[in-house]
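Given next are the chains, with one letter for each unit.
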Amino acid sequence: AQSVAQPEDQVNVAEGNPLTVKCTYSVSGNPYLFWYVQYPNRGLQFLLKYITGDNLVKGSYGFEAEFNKSQTSFHLKKPSALVSDSALYFCAVRAHSGGGADGLTFGKGTHLIIQP
Amino acid sequence: GAGVSQSPSNKVTEKGKDVELRCDPISGHTALYWYRQRLGQGLEFLIYFQGNSAPDKSGLPSDRFSAERTGESVSTLTIQRTQQEDSAVYLCASSFLTRSETQYFGPGTRLLVL
């Protein structure tokens, strides 16, 4: 079975500082990895994904994530946080093939709070 | 173009009643997914449609839950004899067919069972 762990329920960062939201995964075979953001009373918005190739993926709103196969991690990063980045962030995984679930498997989410 | 739409946005029902939730995917997206998000939880996969067929129903929590899709377009998720534990936000997503494709989510239907 595949799974995603987001070890921090909440991350607090001062505006202008770099931020990291952690994600580790477990999947049979190679993964497709995704980050989504959810603002209050809104649906999920896609930020970025890793399919193959370059381990550093750049996405929307200045976010990036680094795929680390040996550590089975896909941490979300941004060099300089904005107050408007405050939201709930979800990491998700899907196996390339081989009988993995057809849906995405999500972590429980991390609340990111950017303090002015 | 338009994104994924869902209706109703909110639904309050009494325990034991049936409810139908609707999803309109992005035009041209062959794949459609239903997820459930309970308060304070991540998303839980319910069912996947490839065109009109549902090869993966493994996530449906009980036989009270069913879903259908017609014309590779609209999908409905039906919950029969609702229970209080069914209270959640039900999210629909759509994508092109290959497994690496991004799933785009609708705003969700917030279901409250009294």
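Summary of the structure given here. (Residues numbered from 1 in each chain as written. Chains lettered and ligands numbered in written order. Predicted model: local features only at pLDDT ≥ 70, side-chain atom pairs only at ≥ 80, totals over all residues. Heavy atoms only, no water.)

**Observations regarding the environment of Ser7(B)**
Residues and elements named next belong to chain B. Examined against the element boundaries, Ser7 turns out to sit in strand 1 (residues 5–7). Taking the C-alpha atoms as reference points, Ser7 and Glu68, 61 residues apart in sequence, are found 15 Å from one another. Those residues in contact with Ser7 that lie beyond four places of it in its chain are Leu21, Arg22 and Thr109. (Helix = DSSP H or I, 4+ residues; strand = E, 2+ residues; numbered from the N terminus. Contact = heavy atoms within 4.5 Å.)

**Notes on the interface of chain A and chain B**
A common way to report how large an interface is uses the accessible area buried once the components associate. On the chain B side, the residues contacting the 23 residues of chain A number 20 residues. Here chain A meets chain B over a buried area of about 1,800 Å², counting both sides, of which 49% is carbon and sulfur. The interface formed by chain A and chain B includes zero salt bridges. Across the chain A-chain B interface, the total number found is six residue pairs in polar contact (both at pLDDT 80 or more). (Buried area = accessible area lost by both parts, 1.4 Å probe. Salt bridge = Lys/Arg side-chain N within 4 Å of Asp/Glu carboxyl O. Polar contact = N/O pair within 3.5 Å; in protein donor to acceptor, adjacent residues only side chain to side chain.)

**Here we look at the pairing of strand 11 (residues 109–113) of chain B**
Within a regular strand, side chains alternate between the sheet's two faces. Residue and element names in this part refer to chain B. Only one face of strand 11 is covered, namely the one carrying Thr109, Leu111 and Val113; the face carrying Arg110 and Leu112 has none of its residues buried. Note that strand 9 (residues 88–95) and strand 11 share three bridges and pair antiparallel. For Val89, the partnering residue across the bridge sits in strand 11 and is Arg110. (Buried < 20%, exposed > 50% of the residue type's maximum accessible area, 1.4 Å probe, protein only. Pairing = 2+ DSSP bridges.)

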